[in-house]
Structure formats: C-alpha cells, structure tokens
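# Topology and contacts: notes
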Amino acid sequence: MTEISMKAAGIDTGKIWLDVATYPVSDKQKVPNNADGWQTLADWLERQGIGRVGIEASGGYERDVIAYLHQRGFEVVLLQPRQVRAFGLYKLRRAKNDQLDAALIAECAARSDARCHAPDSRLIAFGEWLLFIEQIEADIACLKTRERFTDRRILEKIDRSIGELKSRCKAQLALLQAAVREHDDLARKLDLIESIDGIGIRTALTLVILMPELGRVDREEIAALTGVAPYDDQSGKREGERHIAGGRARVRRALFNAALPASQRWNETLVELYGRLTAKGKSHKAALIACVRKLIIFANTVVKRQTPWTKSAPQQNSCA
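Residues numbered from 1 in each chain as written. Predicted model: local features only at pLDDT ≥ 70, side-chain atom pairs only at ≥ 80, totals over all residues. Heavy atoms only, no water.

## So, the sheet that holds strand S3 (residues 28-32)
The strand order across the open sheet built from 5 strands is S3-S2-S1-S4-S5, with neighbouring strands paired in mixed fashion. Strands with a single pairing partner mark the edges of an open sheet, and in this sheet they are S3 and strand S5 (75-79). When strand polarity is set aside, the average angle formed by the axes of neighbouring strands in this sheet is 25°. One ladder, built from 5 bridges, connects strand S4 (residues 52-56) with S5; its direction is parallel. (Pairing = 2+ DSSP bridges. Helix = DSSP H or I, 4+ residues; strand = E, 2+ residues; numbered from the N terminus. Axes fitted to C-alpha atoms, helices over the stretch in contact; angles between N-to-C directions.)

## Notes on the packing of helix H7 (residues 184-194) against helix H12 (residues 284-305)
Describing two packed helices takes the angle between their axes plus the distance from one axis to the other. Taken N-terminus to C-terminus, the directions of H7 and H12 make an angle of 135°; their axes are 9 Å apart at the nearest point. By the angle between their directions, the pair H7 and H12 is classed as oblique. As for the relative orientation of H7 and H12, their crossing is right-handed in sense. Residues Lys189, Leu192 and Ile193 of H7 pack against Ala299, Val302 and Val303 of H12. Partitioned by chemical class, the residues of the contact of H7 with H12 number 5 nonpolar, no polar and 1 charged. (Parallel < 35°, antiparallel > 145°, perpendicular 65-115°, else oblique. Left-handed = near helix turned anticlockwise from the far one by under 90°. Contact = heavy atoms within 4.5 Å. Nonpolar A, V, L, I, M, F, W, Y, C, P; charged D, E, K, R; others polar.)

## A word on the pairing of strand S1 (residues 8-13)
Most of S1 is tucked away, with 6 of its 6 residues classed as buried. What you see with S1 is no split at all: Ala8, Gly10 and Asp12 on one side and Ala9, Ile11 and Thr13 on the other are buried throughout. Here 6 bridges tie S1 to strand S2 (residues 17-23), and the two strands are oriented antiparallel to one another. Within the sheet, the bridge partner assigned to Ala9 lies in S2 and is Thr22. Here S1 hands over to S2 after 3 residues, the two strands then running antiparallel side by side. (Buried < 20%, exposed > 50% of the residue type's maximum accessible area, 1.4 Å probe, protein only.)

## A closer look at the packing of aromatic side chains
The final tally for this structure, using the stated rule, is 3 aromatic pairs. Summarising the aromatic geometry, the rings of Trp38 and Tyr68 are spaced 6.2 Å apart at their centres and angled 40° between planes, so their arrangement reads as tilted. Remark: Tyr68 occurs in helix H2 (residues 63-71) and Trp38 occurs in helix H1 (residues 35-48); sequence separation between them is 30 residues. Looking at Trp38, the relative accessible area reads 15%, which means it is buried. On the basis of relative accessibility, which here comes to 17%, the residue Tyr68 falls in the buried class. Centroid distance Phe298 to Trp309: 4.8 Å. Interplanar angle 50°. Geometry classified as tilted. Within this pair, whereas Phe298 is found in helix H12, its partner Trp309 is found in the loop between H12 and helix H13 (314-317), the two being separated by 11 residues in sequence. Lying across the ring of Trp17, Lys30 places its NZ or CZ 5.4 Å from the centre. (Phe/Tyr/Trp six-rings, centres within 6.5 Å; stacked < 30°, edge-to-face > 60°. Lys NZ or Arg CZ within 6 Å of the ring centre and 35° of its normal.)

## A closer look at unusual backbone geometry
Going from Tyr23 to Pro24, the amide bond is cis rather than trans, its omega being 10°. By the element assignment, Pro24 lies in the loop between S2 and S3. Even without a glycine there, the phi angle at Gln306 is positive, about 60°. Turning to its location among the elements, Gln306 is positioned in the loop between H12 and H13. The class for Gln306 is partly exposed, based on a relative accessible area of 39%.

## Observations regarding the nonpolar core
Residues Val180, Ile193, Leu207, Leu214 and Leu295 are the most contacted members of the largest nonpolar core, which totals 58 residues. Secondary-structure elements contributing two or more residues to this core are helix H5 (121-144), helix H6 (152-181), H7, helix H8 (201-210), helix H9 (219-226), helix H10 (249-266), helix H11 (268-279) and H12. Here this core takes 13 residues from H12, the largest share from any one element. In this structure, Leu295 is in contact with Ile196, Asp197, Ile199, Leu255, Ala258, Ala259 and Leu270, ignoring residues within four places of it in sequence. Counting residues in each nonpolar core, the second largest holds 19 residues, with Ala9, Val31, Ala42 and Trp44 among its members. (Core = buried A, V, L, I, M, F, W, Y, C linked by side-chain atoms within 4.5 Å.)

## Remarks on the confidence of the model for the protein
Chain-level pLDDT for the protein is 87 on average; 92% of the residues reach the 70-or-more range. In this model residues 312-320 is a low-confidence stretch, pLDDT under 50, and it forms 12 contacts with partners more than four residues away in sequence or in other chains. (pLDDT = per-residue confidence, 0-100.)

## A short note on H2
In an α-helix, one full turn covers 3.6 residues, which means residues spaced three or four apart are oriented alike. All of the buried residues in H2 are Val65, Ile66, Tyr68 and Leu69. Seen end-on, H2 carries its buried residues on one side only, within an arc spanning 165°. Gly73 occupies a position one or two residues after H2 and carries a positive phi of about 95°. (Arc of directions from axis to C-beta.)

## Quick look at the layout of surface pockets
Computed from the structure, the second largest pocket encloses a volume of approximately 440 Å³. What lines the second largest pocket is a set of 13 residues, and nearest its centre among them are Pro230, Arg242, Lys282, Ala286 and Arg293. Elements supplying a minimum of two residues to the lining of the second largest pocket: strand S7 (238-243) and H12. If you tally residues by element for the lining of the second largest pocket, the top one is H12, at 5 residues. For the lining of the second largest pocket, the residue count by class is 6 nonpolar, 2 polar and 5 charged. (1 Å grid on protein atoms, 1.4 Å probe; cavity = no way out; pocket = protein on both sides within 12 Å on 5 of 7 lines; lining within 4 Å. Points joined across faces, edges and corners; volume = space filled by probe spheres on them.)

Here it is in structure tokens:
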C-alpha cells in the first residue's frame, strides 16, 4: 500500500467532548466542544504541524468547530459516518471507542481528496428556521391524519389547532423569506429558482438554504446530492433495475411536493416528460422521480447561467 506523507488529525465529535487523534503519528487529545476547547484544539494542532483535519458529521454538533477551524486556516474534510464505517471495514478494524474512531477518521482524512468548504453562517441559521417550519407542517399533517372522532367538541378543537398552526406556518414562512431577501445574493438566487414553472416560494427557499452547491456543480452532481441520480444494479448476466439512493431528504421531499402538480399541469416540459415516460410503461413513481431530477437540474442551470426560466427558449430550459 502506498505510504501517505500527509499529516492529518481526526475528530470524533460528541455533544460535550471532542476526541482527537493524529496520523501517521498517533498523538491524542481531548477537549470540550465549546469555544475554549476549540481554541485549545487549534493551538495544539498547530504545534503538531497539522494542516488537514477530518471530522465526522454528527447531527450538527460538528458545525461550530468546523467554522472555527476554517477561521484558523485549517483544511477540513467532512466525512459521512458511512464513509468512516466503510474505511474501518476495509482496515479490518473491529474495536470501537472514541479515541479509536478519532484515529480512524484521521487516517481516512489523510487518504481522502474531499474538501469541506467554509460553512455559510447565514444558511446555518436559516436552515434551523426552515426546520422549525417543517416541524410545524409535520404537526399539521399529524393532526389531519389522527383517528377520526365523532364528538363535535373534539373535532372543533382539532380544526382550531390546525388553523392556528397553518397561520403560524404562513407567518414564519413570510418572515423567513423577508430575512433571506435582505441578502442580495440570496435574493437573486431565490428569484431565479422561483422563476421556474412549478416551483413556488416554499420549494425555492428550501433549495436556496439547503442546496448551496446550486450553480457550482454539474447536472450529475446536483442530482446525486439531491438523491435522485439513477444508479446501475448490474452484475454478470443479471441486469437489475436502476435505483436512486442517498442524498438530502429535506430537499428531495420539497421537490417531490413541487414536481407532482408541476408534472400534471404547471410545467409544460415536465407534463410532456411525465406523459412520455408513463406511455412507455414507466410507473407513476419512476416518472415522478424523473420529473424531480429535471426540476433540480433546471434550478442548477438557471443559477449557473444567472438567467431566469423562459418559456420562449425551450432549448435552454431543457438543460441539454
């Protein structure tokens, strides 16, 4: 196996503690996951001569330390838990604890060519706001799908609760949109995405906030990030059906909600695509996934070209 000369550190992230190990020399450190701990960690890494730091995504507990390390000039590699587990299997590692995980992350980061861009603090805050709106929507759906009652008083209370939640959701969505539009670059991106037939402000906000890569990657990458890229399933003589996997569930859910009515009425390109696929025998779900993939490609294209969607130029809208 080729020797790696890159010196790297790995961080196993917890809510309270950060366990750190270096590679190839296995030095160890443990610091609190707070501002004082981040400073201690960065100073220690500098003394160790570490330039690259690998960190495993951990439900948001890693966000602040990543931002601090970027600020201090470190190259950060953000690894998904699946990547670290797969690397551990490849290395035949069975033992597991925080320090061993940190060492595994360090070696994985040293061998990785991935990079983590400095996070946009605006989008982090907006992302939490959007999550609050999504939870309100989930509460509304929960109330609507509860066991049906016959007592009029109970039904009135449920309807009143649904009405209150809908009003709160609408108000929060308006406030979030206003906050996003205070930033010229985000407002421009929002307008470009919303110009696409079938995409409303709710979906456009989701794409602006949760898909910052829009306009910076190609159509295949943006489809994979969304989780609607078809992957082959072939081995030997067996030809399995292509299937989608992974991606960002919140973005995908918003696009499915937009693609369903868009493919039936609002977007002529998607109506034609849906009809053509179903006429060939494709299922409703497969045709809808294809429409979702088209929508995210359209959004990527208008942001990349900095030109709004226009019905008069279908050759541009096709993103061919």
